Amino acid sequence: MTQPSSLPPLTPQFCFSVTVLRDFLRLSRGTIDDTITQNLNALATPSRAGFDPTSTSRLARPATRQIDASSCEAFKNQILFPSWQSRSDVLSYCTLVATSPDPDDPEATLRETEKEKNRERVVDERLDPYSSRFFPREARTEQLATILRQEMGVENIVRARSWGIVRERCGDIENSWEDALARWRKLHTAP
């Protein structure tokens, strides 16, 4: 069975390296959530009574086998929720970086120069109706915020899908993934 992804060292540079950030999220999702059915199948215990030849003659057979409750709890508490938590920690940290001022922005002076040039520009819409358009460059914090909104949307979809499979395979789990993760956080994280 796979292990949860470990939390990378969180620095603003990690967040601004969009490729590294997305690779971490992609690998973490691929290791746990994309292979959730295989991970849960690995938990299913083989038949204790041996092969029953009459089982092949049944027309209606259950689509999925239920997994032992203790195995499901161990999977959720040791693999699934820690992986989700590490991704949540990365997304939360990078959201803080995206909403904080960025004194190290390499394009800040270039953006200011472009804004100054735009103020000095003479606009004559009779000669060029598009001359009044000006598209300033986005700050890298704004770009990061856009990427993080997209990744949070992906994360919610992935978690809902994974939780649906866990609910199906582990029996009657009543609450949503948000409630289950919040309960796990209360029990397994330090105050």
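Structure first, text after, so check above.
What you are looking at is a predicted structure, and each value in this text was computed from that prediction instead of being measured.

Basis of the calculations
Residues numbered from 1 in each chain as written. Predicted model: local features only at pLDDT ≥ 70, side-chain atom pairs only at ≥ 80, totals over all residues. Heavy atoms only, no water. Helix = DSSP H or I, 4+ residues; strand = E, 2+ residues; numbered from the N terminus. Polar contact = N/O pair within 3.5 Å; in protein donor to acceptor, adjacent residues only side chain to side chain. Disulfide = S-S within 2.5 Å. Buried < 20%, exposed > 50% of the residue type's maximum accessible area, 1.4 Å probe, protein only.

Turning to the environment of Ser 100, a few remarks are in order. By the secondary structure assignment, Ser 100 is in the loop between α4 (69-99) and α5 (108-120). Separated by 41 residues in the primary sequence, Ser 100 and Thr 141 place their C-alpha atoms 7.8 Å from one another. Side-chain polar atoms of Ser 100 contact the backbone oxygen of Leu 96, separated by 2.6 Å.

Here a disulfide denotes a covalent bond joining the sulfur atom of one cysteine to the sulfur atom of another. Inspection of the entire model under this criterion finds 2 disulfides. Linked covalently through their sulfurs, Cys 15 and Cys 94 form a disulfide whose S-S length is 2.0 Å. In this structure the cystine formed by Cys 15 and Cys 94 twists about its S-S bond by roughly -85°; its chirality is therefore left-handed. With Cys 15 in helix α1 (residues 12-16) and Cys 94 in helix α4, this residue pair connects regions lying 79 residues apart in the sequence. Comparing Cys 15 with Cys 94, the two get one shared label, buried.

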